[in-house]
Amino acid sequence: QPSLVPLHRALLGMEGVRDMSLLSYSNGVAIVSVEMVDELDPGALEGAVARAMSRPAKVEVHNDTTMVVKLAEE
């Protein structure tokens with residue numbers, strides 16, 4: 001299981017991110033819920049996560065304040 005510390009730092013360092021939590025981790029895919037204070041561009045979030053974790057990431061908008069980040073396996 002990868003360390004999610006870099007991801008946590010990257011997300012909480014982004015403007016507009018209130019909190020994050022790990023929803024699940026299976027088959028190398030981490031699913032993280034990100035709570036936002038205001039609108040955040042999913043593309044910008046994907047880029048920040050991919051850079052922080054050095055691997056591809058996919059962001060799905062869950063609702064107005066939550067996005068789900070899926071991390072690919074290394």
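Along each chain, residue indices are assigned from 1 in the same order as the chain's sequence is written. Reporting in this predicted model follows two pLDDT cut-offs: at least 70 for local features of residues, and 80 or more for side-chain atom pairs to be given and counted; totals over whole chains, interfaces and linings ignore these cut-offs and use all residues. As a rule here, side-chain values cover all heavy atoms of the structure and leave hydrogens and water aside.

K.L.:
How would you explain the pattern of salt bridges if you had to name every residue and give the values?
P.N.:
Only one rule defines a salt bridge in this text: a Lys or Arg side-chain nitrogen within 4 Å of an Asp or Glu carboxyl oxygen. Overall, the coordinates contain 2 salt bridges when judged by the stated rule. Across the salt bridge formed by E60 and K70, the nearest N and O atoms sit 3.3 Å from each other. Within this pair, whereas E60 is found in strand 3 (residues 57-61), its partner K70 is found in strand 4 (residues 66-71), the two being separated by 10 residues in sequence. Runs of H or I in DSSP of at least four residues are treated as helices and runs of E of at least two as strands, each being numbered from the N terminus.

K.L.:
Kindly report on the environment of V5, identifying the contributing residues and their values.
P.N.:
Among the secondary structure elements, V5 is positioned in helix 1 (residues 5-12). Exposure remark for V5: the relative accessible area of 42% places this residue in the partly exposed category. Each residue's exposure class comes from its accessible area (1.4 Å probe, protein chains only) as a fraction of the maximum for that residue type: buried when under 20%, exposed when over 50%, partly exposed otherwise.

K.L.:
How would you sum up helix 2 (residues 42-53)? Please name residues and give values.
P.N.:
Take the residue count of a helix, subtract one, and multiply by 1.5 Å to get its expected span. The terminal C-alpha atoms of helix 2 lie 16 Å apart, and with 12 residues this matches the ideal 16 Å at 1.5 Å per residue to within 8%. Against helix 1, strand 3 and strand 4 lie the buried residues of helix 2. Residues are treated as being in contact if the distance between any of their heavy atoms lies within 4.5 Å.

K.L.:
Hey, could you go over the packing of helix 1 against helix 2 for me, with residue numbers and the actual values?
P.N.:
Every angle, taken between N-to-C directions, lies between 0 and 180 degrees, and every axis is a line fitted to C-alpha atoms, over only the stretch in contact when it is a helix. Running from N to C, helix 1 and helix 2 cross one another at 145°; their axes reach a closest spacing of 8 Å. Viewed along their axes, helix 1 and helix 2 form a crossing whose handedness is right-handed. For the pair helix 1 and helix 2, contact is made by P6, L7, A10 and L11 and by L45, A48, V49, A52 and M53, respectively. In this scheme the crossing of two helices becomes right-handed for a clockwise turn of the near helix relative to the far one and left-handed for an anticlockwise turn of less than a right angle.

K.L.:
Mind laying out the environment of E46, listing which residues take part and the relevant values?
P.N.:
Positionally, E46 belongs in helix 2. Relative accessible area serves as the criterion here: at 28%, E46 is assigned to the partly exposed category. Each C-alpha atom of the pair E46 and E60 lies 9.5 Å from the other, and the pair is 14 residues apart in sequence. Excluding residues that lie within four positions of it along the chain, E46 makes contacts with A57, K58 and V59.

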